[in-house]
Structures are given as structure tokens and as C-alpha cells.
Amino acid sequence: MNVMDLLKPAAVRAISAASSKKRMMHEIADIAAGAYGLNPDRTVEALMERESLGPTGVGHGVALPHARLAGLDKVVGAFLLLEKPIDFEAVDRQPVDIVFALFAPEDAGVEHLKALALVSRTLRDLAFCDKLRANPDPAKLYTILTEVAPVKAA
């Protein structure tokens, strides 16, 4: 599995600002609706339900919100780069400006976990995140994200 398996070019966007975590979730849902035909209201609801279990801000300005949704046949993703970071209740209390959301079928087992691990490992690389932050063009972001070599699980 690699990032290209999870992400369509239409699911990558850069925006100047989101006023809150909830507003950012709406942005992600709009991206997922356009790229994958997901219901935006249900997507926001599922993301917020998952977020209520514990924040998905993993540190160093990165968040990995995720949810299981009916109607999907595989794990898909949406990527958002924020020009102005927002509070995401991240584990390191740092604001978030890189958001990679994952959406899995309701019955997805190990594939959902593999996708989450892949994205987490990829975005743990601080130099890689700096490269993303320096390239706010969606086409360039997609290229950077999908050129990543698959990383083997430890």
C-alpha cells in the first residue's frame, strides 16, 4: 500500500484558514464529497464522533482524523494544508496545519489500520512535512504526497 492508493488529486487542497476544528472538518468533508461522492453531513458527523473519543492531532502540526463510513468499498483519503494553523487539541498542544483524513468502509479491518499506519509514518518525517508546507499548490502537494516510497511496517 502507498499513499497513491489512498488519494485522488481532487482530494488535495490548500486553504488560507479554517476558523476552528469543526470548520476544518467541514472543509475535509467537502473535499471528500467532491472526490469520492461521500455525504458531507454524514462525513462531518463521523469525523466528530471519532474525535470525541480522543483528538487525532498527532503532534508537530499534523492531524490524522479518520472515520468509518457506509458506502465505501476501500480506504480513501483527503489532504488539507492550512496556511494558518488551528488548535486541534494535539498531543503536543501545537496548532495543526497538515491534515490527512482517512475514510474506511464500515467493515474495514486491517486495511484501515494499515492506511493509518502508512500515513502516520509518512507524516512523522519532519523534513517531509516542511516540504509540504513550502508547496501550497494542490497539484504539487499531490505529487509530493504520492512520490513517497511505500514504507514497510516495523
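See the structure above.
Notes on the structure in this doc start here. None of these values were measured; they are calculated from a predicted model.

**Thoughts on the overall build of the protein**
Step number 1: Regarding its fold elements, the protein presents six helices and six strands.
Step number 2: Scanning the protein from its N terminus toward the C terminus, one meets helices and strands in the order α-β-α-α-β-β-β-β-β-α-α-α.
Step number 3: Here the protein has a C-alpha radius of gyration of 14 Å; the compact-globule value for 154 residues is 15 Å, and the two agree.
Step number 4: With the C-alpha coordinates aligned to their principal axes, the bounding extent of the protein is approximately 35 × 35 × 30 Å.
Step number 5: The buried share of the protein, taken over its 154 residues, is 48%.
Step number 6: Long-range pairs, those at least 24 residues apart, make up 71% of the contacts in the protein with a sequence separation of at least 6.
Step number 7: Surface accessibility of the protein: about 7600 Å² in total, with carbon and sulfur atoms responsible for 53%.

**So, the pairing of strand 6 (residues 96–105)**
Step number 1: For strand 6, the tally of buried residues reaches ten of ten residues, placing the bulk of the element in the interior.
Step number 2: In the sheet, strand 3 (residues 62–63) pairs with strand 6 via two bridges, with the strands oriented parallel. Opposite Val62, over in strand 6, you have Ile98 as the bridge partner.
Step number 3: Pairing of strand 4 (residues 66–69) with strand 6 involves four bridges; the strand directions are parallel. Following the sheet pairing, Arg68 is matched in strand 6 by Ala104.
Step number 4: Where strand 5 (residues 76–86) meets strand 6, seven bridges bridge the pair, whose relative direction is antiparallel.

**Some remarks on helix 5 (residues 126–133)**
Because each turn of an α-helix spans 3.6 residues, side chains separated by three or four positions end up pointing in the same direction.
Step number 1: For helix 5, the set of buried residues is Phe128, Cys129 and Leu132. Buried residues along helix 5 cover an arc of 100° about the axis, so they all sit on one side.
Step number 2: Residues of helix 5 that are buried sit in contact with strand 3, strand 5, strand 6, helix 4 (110–123) and helix 6 (138–146).
Step number 3: Capping the start of helix 5 is the job of one residue whose side-chain oxygen sits 3.0 Å from the backbone nitrogen of Ala127: Asp125.

**What to know about the nonpolar core**
Step number 1: Counting residues in each nonpolar core, the largest one holds 54 residues, and the members touching the most others are Leu7, Met24, Phe79, Phe100, Phe103 and Leu123.
Step number 2: Here this core gets eight residues from one element, more than from any other, and that element is strand 6.
Step number 3: Residue contacts for Met24: discarding those within four places in its chain leaves Ala18, Leu80, Leu82, Ile86, Phe88 and Val99.

Criteria and cut-off values
Residues numbered from 1 in each chain as written. Predicted model: local features only at pLDDT ≥ 70, side-chain atom pairs only at ≥ 80, totals over all residues. Heavy atoms only, no water. Helix = DSSP H or I, 4+ residues; strand = E, 2+ residues; numbered from the N terminus. Rg over C-alpha atoms; globule rule 2.2 N^0.38 Å. Buried < 20%, exposed > 50% of the residue type's maximum accessible area, 1.4 Å probe, protein only. Contact = heavy atoms within 4.5 Å. Areas by Shrake-Rupley, 256 points an atom, 1.4 Å probe, with all protein chains shown as cover. Pairing = 2+ DSSP bridges. Arc of directions from axis to C-beta. Polar contact = N/O pair within 3.5 Å; in protein donor to acceptor, adjacent residues only side chain to side chain. Core = buried A, V, L, I, M, F, W, Y, C linked by side-chain atoms within 4.5 Å.

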